[in-house]
Amino acid sequence: MDYIKEKLIEIGRPKAETVKKLIKNYGDKTIQDVTLGQVMTGMKGMVSLLTCTSKLDAEEGIRFRGYTIPQLQELLPKIQKDGEPLPEGLFYLMLTGELPTVDDVNFISNQWAQRAQGIPSHVYDVINALPKDAHPMIQFNTAILAMSTESQFRKAYLTGMDKKDYWGPTYEGVMDLISRLPVIAAYIYRRVFHNENYIDPDPNLDWAGNLAHMMGHDSDEVKRLMRLYMNIHSDHEGGNVSAHATHLVGSALSNPYYSFSAGMNGLAGPLHGMANQNVMHWLHKMVREIGVENPSEAQIKEYAETTLKKGQVIPGYGHAVLRKTDPRFTVQLEFAKKYAPDAPLIQLAEKVYKVVPDILLSTGKVKNPWPNVDAISGSLLSSFGITEYPIYTVLFGVSRSLGVLTQLIWDRLYGLPLERPKSQNLAWYMDKVGYKE
Ligand code: HAX
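So, here's what we can say about the structure. (Residues numbered from 1 in each chain as written. Predicted model: local features only at pLDDT ≥ 70, side-chain atom pairs only at ≥ 80, totals over all residues. Heavy atoms only, no water.)

**Some details on the packing of aromatic side chains**
Then, number 1: One pass over the structure, following the stated rule, counts 15 aromatic pairs.
Then, number 2: Arranged with centres 5.7 Å apart and planes meeting at 55 degrees, the rings of Y189 and F193 form a pair that is tilted. Of this pair, Y189 and F193 both sit in helix 9 (residues 167–193), four residues apart, which is roughly one turn of that helix.
Then, number 3: Taking relative accessible area as the criterion, F193 reaches 27% and is therefore assigned partly exposed.
Then, number 4: Pairing F329 with Y353 gives two aromatic rings, centres 4.8 Å apart and planes at 65 degrees, and the pair type is edge-to-face. (Phe/Tyr/Trp six-rings, centres within 6.5 Å; stacked < 30°, edge-to-face > 60°. Helix = DSSP H or I, 4+ residues; strand = E, 2+ residues; numbered from the N terminus. Buried < 20%, exposed > 50% of the residue type's maximum accessible area, 1.4 Å probe, protein only.)

**Structural notes on the site of the ligand**
Then, number 1: Lining the immediate environment of the ligand, one finds 21 residues, of which G316, Y317, K365, K367 and D374 sit closest.
Then, number 2: Take G316: an N or O atom from its main chain is 2.8 Å from an oxygen atom of the ligand.
Then, number 3: Contact distances for the ligand include 3.0 Å between an oxygen atom and a side-chain N or O atom of N372.
Then, number 4: When the ligand is considered free in solution it has 910 Å² of accessible area, and contact with the protein chains removes 75% of it.
Then, number 5: The residue inventory of the shell around the ligand, partitioned by class, reads eleven nonpolar, six polar and four charged. (Near = heavy atom within 4 Å. Polar contact = N/O pair within 3.5 Å; in protein donor to acceptor, adjacent residues only side chain to side chain. Areas by Shrake-Rupley, 256 points an atom, 1.4 Å probe, with all protein chains shown as cover. Nonpolar A, V, L, I, M, F, W, Y, C, P; charged D, E, K, R; others polar.)

**Section: the environment of I346**
Then, number 1: Positionally, I346 belongs in helix 17 (residues 344–362).
Then, number 2: According to the relative accessible area criterion, I346 is buried, its value standing at 2%.
Then, number 3: Note: C-alpha distance between I346 and L380 (34 residues apart in sequence) is 6.6 Å.
Then, number 4: Aside from chain neighbours lying at most four places away, what touches I346 is L333, A336, I376, S379, L380 and S383. (Contact = heavy atoms within 4.5 Å.)

**Thoughts on helix 16 (residues 327–339)**
Then, number 1: Across its 13 residues, helix 16 extends 18 Å between first and last C-alpha, which sits within 8% of the 18 Å expected from 1.5 Å per residue.
Then, number 2: Looking at helix 16, one finds that the buried residues are P327, R328, F329, V331, Q332, L333, F335, A336 and Y339.
Then, number 3: For helix 16, the elements touching its buried residues are strand 2 (61–64), helix 3 (69–75), helix 11 (220–232), helix 17, helix 18 (374–383) and helix 19 (392–414). (Expected span 1.5 Å × (residues − 1).)

**Brief notes about the pairing of strand 1 (residues 54–57)**
Then, number 1: In strand 1, alternate side chains face the same way, and those of S54 and L56 are buried while those of K55 and D57 on the opposite face are not.
Then, number 2: In this sheet, strand 2 lies alongside strand 1 in antiparallel orientation, the contact comprising four bridges. Within strand 2, the position partnered with D57 by the bridge is G61.
Then, number 3: Counting the residues between successive antiparallel strands, the hairpin from strand 1 to strand 2 contains three residues. (Pairing = 2+ DSSP bridges.)

So, to be careful, I would describe these as geometric facts and stop short of saying anything about function.
Spelled out as structure tokens, the structure:
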């Protein structure tokens, strides 16, 4: 057993005991009233999940195990002093709750590099059987399901193991899956956009650096960008669609591949992770329709208002929880200003940022008019040469594995049961609030 698993037993067992005692001794205590509005508007603000990896504050944004993004940029191990932290370190932090040492990060990097070699050949056959123009998320998710033939959880389950040990094979599956996702993502990218001209992993590179390398973007700056990208997209509490779907499916003791695949199906929706590619679609369409590369603020305003008039959303803006500019937007803008201050797409994204919030506010219904993570991530990737935007949600998915799969390990450490909320029909709700037509 590796030392991280030993550590998880040490941390996890007492926490599992606490969960049991809470349920036994305080299980009938009311913690929150639930309104009909909450039920009918996506359960917003309704506390119903137990998640320890990160916490989202509406005003401040995300904290990973208590740390903000700028704090982690200082505290997590990096390759270069002025570089971005290695996502391996963030994974360690989310998993154990402790800041990693350089040795911890190296241990995980080596583990992932070794485990990445274990992708069975049928996974590539399955991808290759899909048409090249199948959306990269279809190819990505199909590959994830195809990789579930390797699931150690099912084998361990069938041997009849003790429930409290389920987290162990889950951990193994999670480590395998995370290690292999960059290889799969890069394979799809090269297959679809670079004539199947594949690039082998470099065993000396870190997990995110290797992804950039295998995609064929080998500059130091893109590797830095990829580390940043992989960190900031990794986790956003437990209630976002990809995390919640992974957790829900995992609660049936579905293996990590099935569970993560469910999350990725959610990420592929335009209101969630697909927004990053839709932003690019929206920007390019705007430039095409206006007919100039650098539209004025007045032209952007008119285009955005037309989008709303057509009953469509402005992608990259708004959030179900956040009520301020997303710090993940800000940190990307800072990166862009440092490494590509003159990039036209960054300047365009900034101009949109000046114009769109007021337009959304003027609708009187949008609760958060500010940019989210997706408002700039595509402009940033494009400015560094990764211009093929249908791949962006796949990159988001690779990153998201770090958070939602850590959550899955913790679900099993806590011993959380099958999730099964109660549903009611419309008449029940009408009756409950005394509504008559
Ligand atoms: N453009 C136009 N209208 C918007 C809007 C936007 N960017 N954001 C919200 N609205 C509208 C909603 O569609 C809703 O309209 P109706 O009442 O007519 O249905 C109204 O404003 C109230 O919505 P809300 O309560 O402010 O927002 P929700 O919590 O319902 O939805 C969304 C949050 C992120 C889905 C929403 O802001 C949106 O559609 N944004 C654009 C898509 C996007 O950027 N998604 C990515 C979000 C971040 C993420 O998960 N990344 O992966």
